[in-house]
Amino acid sequence: MITEYPNHTKGYRSHFPERNRIIAGLVQSVLVTEAKHHSGSLITANLALQNNRNVLAVPGPITSKLSVGTNELIAAGAKPILQPEDILEEFIS
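Residues numbered from 1 in each chain as written. Predicted model: local features only at pLDDT ≥ 70, side-chain atom pairs only at ≥ 80, totals over all residues. Heavy atoms only, no water.

Engineer: So what exactly am I meant to see when it comes to the nonpolar core here?
Structural biologist: Burial of nonpolar side chains together is a common tendency in soluble globular proteins. In terms of nonpolar packing, the biggest core is built from 12 residues, these being Ala 24, Val 30, Val 32, Ala 35, Leu 42, Ala 45, Leu 47, Ala 48, Val 55, Ala 57, Leu 73 and Ala 78. Taken together, the elements giving at least two residues each to this core come down to strand S1 (29–32), helix H2 (40–50) and strand S2 (54–57). The element that contributes the greatest number of residues to this core is H2, accounting for four residues. (Core = buried A, V, L, I, M, F, W, Y, C linked by side-chain atoms within 4.5 Å. Buried < 20%, exposed > 50% of the residue type's maximum accessible area, 1.4 Å probe, protein only. Helix = DSSP H or I, 4+ residues; strand = E, 2+ residues; numbered from the N terminus.)

Engineer: Explain the pattern of salt bridges to me, please; I cannot follow it from the model alone.
Structural biologist: Close approach of charged atoms allows side chains with opposite charge to pair. Taken as a whole, this structure holds three salt bridges when the rule is applied. Residue Glu 89 pairs with Lys 79 through a salt bridge whose shortest N-O separation is 3.0 Å. Here Glu 89 is found in helix H4 (residues 84–92), whereas its partner Lys 79 is found in strand S3 (residues 79–80), with 10 residues between them in sequence. The salt bridge involving Glu 90 is made with Lys 79; its shortest N-O contact spans 3.2 Å. (Salt bridge = Lys/Arg side-chain N within 4 Å of Asp/Glu carboxyl O.)

Engineer: How should the environment of Thr 70 be read in this particular structure?
Structural biologist: Mapped onto the fold, Thr 70 is located in helix H3 (residues 68–75). The spacing of Thr 70 and Val 55 is 15 residues in sequence and 10 Å in space, taken between C-alpha atoms. Among all residues touching Thr 70, those that are not within four sequence positions of it are Val 32, Thr 33, Glu 34, Ala 35, Ala 57, Val 58, Pro 59 and Gly 60. (Contact = heavy atoms within 4.5 Å.)

Engineer: In this structure, what is going on with the packing of helix H1 (residues 16–26) against H2? I would like to understand it.
Structural biologist: Following both chains from N to C, one finds H1 and H2 inclined at 40 degrees, their axes separated by 9 Å at the closest point. Between H1 and H2, the angle falls in the class oblique. In terms of crossing hand, the pair formed by H1 and H2 is right-handed. Contacts between H1 and H2 involve Pro 17, Asn 20, Arg 21 and Ala 24 from the former and Gly 40, Ile 43, Thr 44, Leu 47 and Ala 48 from the latter. The class makeup of the residues in the contact of H1 with H2 is five nonpolar, three polar and one charged. (Axes fitted to C-alpha atoms, helices over the stretch in contact; angles between N-to-C directions. Parallel < 35°, antiparallel > 145°, perpendicular 65-115°, else oblique. Left-handed = near helix turned anticlockwise from the far one by under 90°. Nonpolar A, V, L, I, M, F, W, Y, C, P; charged D, E, K, R; others polar.)

Structure, rendered in structure tokens:
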């Protein structure tokens, strides 16, 4: 476990963006499967972009609140994930 906080520190909502920054810095790619317009998933995706990481997103129905964020990511240039092989391509190429 990696954290900026001492052992036994309680988790607070305000800690999530800081945790997401660590996650975005450690990974090669971030896959967002669902995200509302304002969500922690989008915070992580934006942090990943700032760290030159790949951002992948699963498109969803335009009528779903949980697809707004992923569809916006795709519109902004994230790689759409339409099948499992699309994820594998990120690690093979």
